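Summary of the model geometry
The residues making up each chain are set out below.
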Amino acid sequence: MRQRDPNKEEKIKQIALQMIVEEGFDRLSMQKLAKAANVSPATIYIYFKDREDLILQIGIEEERKMFEATLLNFDPEMSFEEGLRVQWINRANYFLKNPNQMHFMEQLKYSRFSKEINAQVKSYFVEKMTRFAQKAIDNRELVPLPVEVYWSLAFAPLYQLVKFHVTKKSMHNKPFELDEPTLQHTLSIVLKGLKP
């Protein structure tokens, strides 16, 4: 049996992620991946059972990385304002440094793989976020909202700013670069809108 090489496995995953970002899930084949990674198709099967297993493993790993980055220096017991600020900064830093991962996560959200990946990864993260939001509601720092409305108001503005930054243009193709004052100003408006 051939030895597993962690560096080769990581290279295959990163090339697969790049291919998915550029061409979508349906266009990823093990043959194309092997050619792009400069390995034989048999080498890929040392690490992954099949194409679906490869995508699931990448999805689980990327979700975990994003959740770990989001929770850096975060405590559900923080005040709502402080906790949301930490999350915004963490999320912005992660996705600005990893734009391919951001695009991949967006594609993953609307794929058939999403449910299984979320089942394996999300519970710890959701528990912390739920505790944080419920504490903020109990302390009258956050207006009670359905979770979908809260999530849209709390994070969609951040993600859109990051997308503008990554593409280097905003509305009407105007040049755009996300800076700290713009980030903080937008966050202050979001916080104002979420407070009772």
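Sequence order sets the numbering: in each chain, residues are counted from 1 along the sequence as written. At least 70 in pLDDT is required for a residue's local features to be given in this predicted model, at least 80 for side-chain atom pairs to be given and counted, and no such filter applies to totals for whole chains, interfaces and linings, which use all residues. Think of the side-chain values as coming from all heavy atoms in the structure, minus any hydrogens and water.

Quick notes on the nonpolar core
- Grouped together as the largest cluster of nonpolar side chains are 64 residues, with contacts concentrated most on Leu33, Phe80, Leu84, Phe104 and Tyr150.
- By definition, residues are in contact when any of their heavy atoms lie within 4.5 Å. With residues near it in sequence (within four places) discarded, leucine 33 still touches Ile12, Ile15, Ala16, Met19, Leu28, Ile44 and Leu54. Nine residue types can take part in a nonpolar core, namely buried Ala, Val, Leu, Ile, Met, Phe, Trp, Tyr and Cys, and a core is a set of them joined through side-chain atoms within 4.5 Å. Only protein chains enter the accessibility calculation, which uses a 1.4 Å probe. A residue is then buried if its area is under 20% of the maximum for its type, exposed if over 50%, and partly exposed in between.

Examining the pattern of salt bridges
- The term salt bridge refers to a side-chain nitrogen of Lys or Arg lying within 4 Å of a carboxyl oxygen of Asp or Glu. Applying the stated criterion across every chain yields a total of 13 salt bridges.
- Across the pair glutamate 52 and arginine 112 runs a salt bridge, and its minimum N-O distance is 2.9 Å. Of this pair, glutamate 52 sits in helix α4 (residues 51-70) while arginine 112 sits in the loop between α6 (99-109) and α7 (114-138), and the two are 60 residues apart along the sequence.
- Take arginine 112: its relative accessible area is 58%, and that puts it in the exposed class.
- For glutamate 106, the salt bridge identified is with lysine 109, shortest N-O distance 3.6 Å. A run of DSSP states H or I qualifies as a helix once it reaches four residues; a run of E qualifies as a strand once it reaches two. Both are numbered from the N-terminal end.

Considering unusual backbone geometry
- Despite not being glycine, asparagine 73 shows a phi value in the positive range, around 60°.
- Summarising the element assignment, asparagine 73 is placed in the loop between α4 and α5 (80-97).
- Of note, histidine 172 is a non-glycine position whose phi angle comes to about 55°, a positive value.
- Looking at where histidine 172 falls in the secondary structure, it is placed in the loop between α8 (147-167) and α9 (180-194).
- Under the relative-accessibility criterion, histidine 172 is labelled exposed at 75%.

Things to note about α8
- For a helix, the expected span equals 1.5 Å multiplied by the number of residues minus one. The first and last C-alpha atoms of α8 sit 29 Å apart over 21 residues, in line with the 30 Å expected at 1.5 Å per residue.
- Residues of α8 that are buried: Tyr150, Ala154, Phe155, Leu158, Tyr159, Leu161, Val162, Phe164 and His165.
- Along its buried surface, α8 packs onto α5, α6, α7 and α9.
- Downstream of α8 by a residue or two, lysine 168 has a phi angle that is positive, lying close to 65°.

Focus on the packing of α4 against α6
- Every axis in this analysis is a line fitted to C-alpha atoms, fitted for helices over the stretch in contact. Angles between the N-to-C directions lie between 0 and 180 degrees. For the pair α4 and α6, the least separation of the axes is 11 Å and the interaxial angle reads 120°. Considering their axes alone, α4 and α6 lie oblique with respect to each other. Judged by the twist between their axes, the crossing of α4 over α6 is left-handed. On the side of α4, the interface is formed by Ile58, Gly59, Glu62, Glu63 and Met66, while α6 contributes Gln101, Phe104, Met105 and Leu108.
- All amino acids are sorted into three groups, where Ala, Val, Leu, Ile, Met, Phe, Trp, Tyr, Cys and Pro are nonpolar, Asp, Glu, Lys and Arg are charged, and the leftover types, Gly among them, are polar. For the contact of α4 with α6, the per-class residue count stands at five nonpolar, two polar and two charged. Angle categories: roughly parallel below 35 degrees, roughly antiparallel above 145, roughly perpendicular from 65 to 115, and oblique for all the rest. Note on convention: the crossing is left-handed when the near helix lies turned anticlockwise from the far helix by less than a right angle, right-handed when the turn is clockwise.

Quick look at the side chain of aspartate 53
- Here aspartate 53 lies in helix α4.
- Charged-residue counts in this description rest on Lys and Arg as positive and Asp and Glu as negative, His and the chain ends being excluded. No salt bridge is formed by the buried aspartate 53; the nearest opposite charge belongs to lysine 49, separated by 4.8 Å.
- Polar contacts here mean pairs of N or O atoms no more than 3.5 Å apart (in protein, one a potential hydrogen donor and the other a potential acceptor; neighbouring residues in sequence count only if both atoms are side-chain atoms). Polar side-chain contacts of aspartate 53 include one of 2.9 Å to the backbone nitrogen of lysine 49.
- If we skip the residues at most four places from it in the chain, aspartate 53 touches Tyr47 and Phe48.

Focus on the environment of glutamine 18
- Inspection of the secondary structure assignment puts glutamine 18 in helix α1 (residues 6-23).
- Here the alpha-carbon distance between glutamine 18 and histidine 103, two residues 85 residues apart in the chain, equals 9.7 Å.

Considering α4
- Compared with an ideal rise of 1.5 Å per residue, which puts 20 residues at 28 Å, α4 spans 29 Å between its outermost C-alpha atoms and is within 8% of the ideal.
- Its side-chain oxygen placed 3.2 Å from the backbone nitrogen of glutamate 52, aspartate 50 serves as the N-cap of α4.

Quick look at the packing of aromatic side chains
- For Phe, Tyr and Trp, where Trp contributes only its six-membered ring, two rings pair if their centres lie within 6.5 Å, and the inter-plane angle classes them as stacked under 30 degrees, edge-to-face over 60, or tilted in between. Under the defined criterion, the tally for this structure stands at 13 aromatic pairs.
- Measuring from centroid to centroid gives 6.1 Å for phenylalanine 25 and phenylalanine 104, while their planes differ by 55°, and the two rings are tilted. Residue phenylalanine 25 is located in the loop between α1 and α2 (30-37), and its partner phenylalanine 104 is located in helix α6; the two are separated by 79 residues in the primary sequence. Per residue, the accessibility class of phenylalanine 25 equals that of phenylalanine 104, and both read buried.
- Ring geometry for phenylalanine 80 versus phenylalanine 132: centroids 5.5 Å apart, planes at 25°, classification stacked. Pair noted here: phenylalanine 80 is in helix α5 and phenylalanine 132 is in helix α7, with a separation of 52 residues, a long-range link.
- Judged by relative accessible area, which is 1%, phenylalanine 80 ranks as buried.

So yeah, pure geometry; function would need other evidence.
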